[in-house]
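Here is what each chain is made of, one letter per residue.
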Amino acid sequence: TEAQKKAAKHWNGPVLVVAPAGSGKTKVVAERIKYLVSRGALPERICAISYTNAAVGEIADRIPELDGVETTTLHSLASRICKEHYGERSVVQNVKSPRVPTRSDILRQACAETRVIPGRFGQQRALLDAIEHYRNSLVVPNLGETVLVETKDSTESQQNQTFLSLHAKYEEILKNKNLIDFDGMVLDAIRILQRDQQARMIWSRKFDYWMVDEFQDLAPPKVMLLRLLV
């Protein structure tokens, strides 16, 4: 369509494509990559980011003739940044593995060491969701505010402090075991780029063009990581 062509042939500066599901947004991303290369952009200076590995594969399948274009998820990109800075770390998942503990295993150990009874906050799943929400709100220490909620109620305040202690222990256990979870990848990558000017300079100069599929689904930390990269 004419609207798709207009977006695909956009040359300088940012552009936002807003369209419903199934209308061809991913096709626009692929066609814009082809257009940029036809105008002289180097494939290896283009990065296309999508939400899942399947979506990344779909973009790559649409540009098989263009070797060198970086197609990746943001988690994968964050993992590479962390690997260069911290070395290899195993990724904690939600499902059991013979080699790596699950997030629930780490949470149970954190609860035991901080003497938190999970039932007081709901089931383990609710606690893991709370940790994820806490991190996605960008209120974790060293990134923003260091309290979960400002309140005058002593009971809520105590619960917040208990949760913060639990979260700190959860991260400490991951670090001691040389492990990382998916949210942690993004937060650690942000910390690296915030604190290490050389690393930020290297990574921000890797690409001239960044294209992000499903941008509306990105949580605040992922948007922050992108801002640091561009």
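Reading the values: the criteria
Residues numbered from 1 in each chain as written. Predicted model: local features only at pLDDT ≥ 70, side-chain atom pairs only at ≥ 80, totals over all residues. Heavy atoms only, no water. Helix = DSSP H or I, 4+ residues; strand = E, 2+ residues; numbered from the N terminus. Buried < 20%, exposed > 50% of the residue type's maximum accessible area, 1.4 Å probe, protein only. Lys, Arg positive; Asp, Glu negative; His and termini not counted. Salt bridge = Lys/Arg side-chain N within 4 Å of Asp/Glu carboxyl O. Phe/Tyr/Trp six-rings, centres within 6.5 Å; stacked < 30°, edge-to-face > 60°. Lys NZ or Arg CZ within 6 Å of the ring centre and 35° of its normal. Core = buried A, V, L, I, M, F, W, Y, C linked by side-chain atoms within 4.5 Å. Contact = heavy atoms within 4.5 Å. Pairing = 2+ DSSP bridges. Axes fitted to C-alpha atoms, helices over the stretch in contact; angles between N-to-C directions. Polar contact = N/O pair within 3.5 Å; in protein donor to acceptor, adjacent residues only side chain to side chain. Parallel < 35°, antiparallel > 145°, perpendicular 65-115°, else oblique. Left-handed = near helix turned anticlockwise from the far one by under 90°.

### Re the side chain of Lys-222
Then, number 1: Within the secondary structure layout, Lys-222 lies in helix α10 (residues 220–229).
Then, number 2: At 4.7 Å, Asp-183 is the nearest oppositely charged side chain to Lys-222, a buried residue that forms no salt bridge.

### Description of the packing of aromatic side chains
Then, number 1: Scanning the model with the defined rule gives three aromatic pairs in all.
Then, number 2: Ring geometry for Trp-11 and Tyr-209: centres 6.1 Å apart, planes at 45 degrees, overall tilted. You can see Trp-11 sitting in the loop between α1 (2–8) and α2 (25–38) and its partner Tyr-209 sitting in strand β5 (residues 209–212), a full 198 residues away along the chain.
Then, number 3: Residue classification places Trp-11 among the partly exposed positions, given a relative accessible area of 23%.
Then, number 4: Ring geometry for Tyr-134 against Phe-163: centres 5.3 Å apart, planes inclined by 90 degrees, an arrangement best described as edge-to-face. Residue Tyr-134 is located in helix α6 (residues 124–136), and its partner Phe-163 is located in helix α7 (residues 154–176); the two are separated by 29 residues in the primary sequence. Judged on exposure class, the residue Tyr-134 and its partner Phe-163 are both buried.
Then, number 5: One Lys or Arg, Arg-39, reaches over the ring of Trp-11 and ends 4.1 Å from the middle of that ring.
Then, number 6: Across the ring face of Trp-203, the terminal group of Lys-206 is positioned such that the distance to the ring centre comes to 4.7 Å.

### Re the nonpolar core
Then, number 1: By size, the foremost hydrophobic cluster in this structure holds 24 residues, and its most contacted members are Ile-49, Leu-77, Ile-81, Leu-193, Trp-210, Leu-225 and Leu-229.
Then, number 2: At the level of secondary structure, the elements contributing two or more residues to this core comprise β1 (46–50), α4 (74–86), α8 (182–195), α9 (197–204) and α10.
Then, number 3: For this core, the element with the most residues is α8, which contributes six residues.
Then, number 4: Residue contacts for Trp-210: discarding those within four places in its chain leaves Cys-47, Ile-49, Leu-77, Trp-203, Leu-229 and Val-230.

### Topic: the sheet that holds β5
Then, number 1: One open sheet accounts for three strands, arranged β2-β1-β5; its pairing is parallel. Lying at the two open borders of the sheet, with one neighbouring strand each, are β2 (70–73) and β5. Taken pair by pair, the neighbouring strands of this sheet meet at an average axis angle of 20 degrees, ignoring direction.
Then, number 2: As paired elements, β1 and β2 share four bridges and run parallel to each other. Within β2, the residue paired with Cys-47 across the bridge is Glu-70.
Then, number 3: The strands touched by α2 within the sheet are β1 and β5, with β5 carrying the most contacts at an inclination of about 170 degrees.
Then, number 4: Across the sheet, α4 lies against β1, β2 and β5, angled at about 95 degrees from β2, the strand it touches most.

### Focus: the environment of Ser-204
Then, number 1: Looking at the secondary structure, you find Ser-204 in helix α9.
Then, number 2: Residue Ser-204 is classed as partly exposed on the basis of its relative accessible area of 27%.
Then, number 3: In this structure the C-alpha to C-alpha distance between Ser-204 and Leu-226, which are 22 residues apart in sequence, comes to 9.5 Å.
Then, number 4: Apart from the residues within four sequence positions on either side, Ser-204 is in contact with Leu-228 and Leu-229.
Then, number 5: In terms of polar contacts, Ser-204 uses its side chain to reach the backbone carbonyl oxygen of Arg-200, at 2.8 Å.
Then, number 6: Of note is the side chain of Ser-204, whose polar atom sits 3.2 Å from the backbone oxygen of Met-201.

### Here's the deal with the packing of α4 against α8
Then, number 1: Between α4 and α8, the least distance of the axes is 8 Å, while the angle of their chain directions is 60 degrees. Taken together, the axes of α4 and α8 are oblique relative to one another. Where α4 crosses over α8, the two elements pack in a sense that is left-handed. The residues of α8 that touch α4, namely those facing His-75, Ala-78, Ser-79, Ile-81, Cys-82, His-85 and Tyr-86, are Phe-182, Met-185, Val-186, Asp-188, Ala-189, Ile-192 and Leu-193.

By themselves these figures say nothing about function.
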